[in-house]
Amino acid sequence: MKITLLGTRGMVTPSALHYHKHSGILVSGKLLFDVGEKVFLRHKPKAIFITHLHPDHAFFVEEPVFLSSVPIYAPEQKEFAFIKIAKPVRIGLYRITPLPTEHSARVKSCAYLIEHGKKRILYTGDLVWMQKKYRDQLGKLDCVITEGSFLKEGGMIRKDIKTGKLFGHAGIPNLLRLFKPHTRTVVLAHFGSWFFKDIKQSRALIASLGKKYDVTPIVAHDGMTLTV
Ligand SMILES: [Zn+2]
Ligand SMILES: [Zn+2]
């Protein structure tokens, strides 16, 4: 599988050249996961899978007149004409399985397990936590692509007073520990403001966390490609 990280900037103002675009992962040139920027549609994907309906992952949330000629799968329908995804979907030789995640008190979210032959990767979008019953479906993964909004332990997590639901973002140490039983390689994207203060130093801090938790973190940038 060829994976292109189209965008690696989180919900912060752009400040660095190679971290300018919002989330989007292109798999083998045809499957698009998240469409944080309209320009990603130029890749003419065969299908689009949205992790959650926040504008940095689904630009059209702020542009409701947007019409797409390709199927758009999302964890919920809202006012747009999406296909609500609850079961695995097969597109050519790819099998895409939605796995519910916790991230927001207002919108539903899911990660996607992407399988092609024996290759298996997970793309999480934004993440507070993933319940064990869903993690139990992960098995061994060639890599996990997740978020880097916060470096600090615990990230930034709050509790919705009405529902008691947790929302926000886990920290990178939490995410490395969460996925370590499933993979050796964790690709980080969706960087928060901490990352941009001193990118060289931020990369070094991520590398040291990788050593600490015995995983290989890869710091993504806009346009980076990986082959798994
Ligand atoms: Zn979000
Ligand atoms: Zn986000």
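The present account deals with the structure reproduced in this document. Keep in mind the model is a prediction, meaning the values are calculated, not measured. (Residues numbered from 1 in each chain as written. Chains lettered and ligands numbered in written order. Predicted model: local features only at pLDDT ≥ 70, side-chain atom pairs only at ≥ 80, totals over all residues. Heavy atoms only, no water.)

Protein-derived coordination of the zinc ion (ligand 2) comes from Asp56 (OD), His57 (NE2), Asp126 (OD) and His190 (NE2), at a distance range of 2.1 to 2.2 Å. Around the zinc ion (ligand 2) sit four donor atoms; with metal-centred angles ranging over 88 to 159°, the donor geometry is irregular. Between the two metals, the zinc ion (ligand 2) and the zinc ion (ligand 1), the spacing is 3.6 Å, and Asp126 donates to both. Separated by 133 residues along the polypeptide, His57 in the loop between strand E4 (47–49) and strand E5 (72–74) and His190 in strand E14 (residues 185–191) bring together distant segments of the chain. In this structure His57 comes out as buried when scored by relative accessible area, which is 0%. Given the relative accessible area of 5%, His190 is considered buried. (Donors = N, O, S within 2.8 Å, 3.2 Å for Na, K, Ca; no water. Tetrahedral: all angles 85-135°; square planar, octahedral: opposite > 155°, others 65-115°. Helix = DSSP H or I, 4+ residues; strand = E, 2+ residues; numbered from the N terminus. Buried < 20%, exposed > 50% of the residue type's maximum accessible area, 1.4 Å probe, protein only.)

Right, let's talk about the pairing of strand E2 (residues 24–27) for a bit. The side chains of a regular strand alternate, residue by residue, between the two faces of the sheet. Residues Gly24 and Leu26 point to one face of E2 and Ile25 and Val27 to the other, with burial holding for every one of them. Taken together, the four bridges between strand E1 (residues 2–7) and E2 define a ladder with antiparallel strand orientation. By the bridge assignment for E2, Leu5 is matched with Ile25. Hairpin remark: E2 followed by strand E3 (residues 31–33), antiparallel, with three residues in the connecting loop; positive phi at Ser28, about 50°. (Pairing = 2+ DSSP bridges.)

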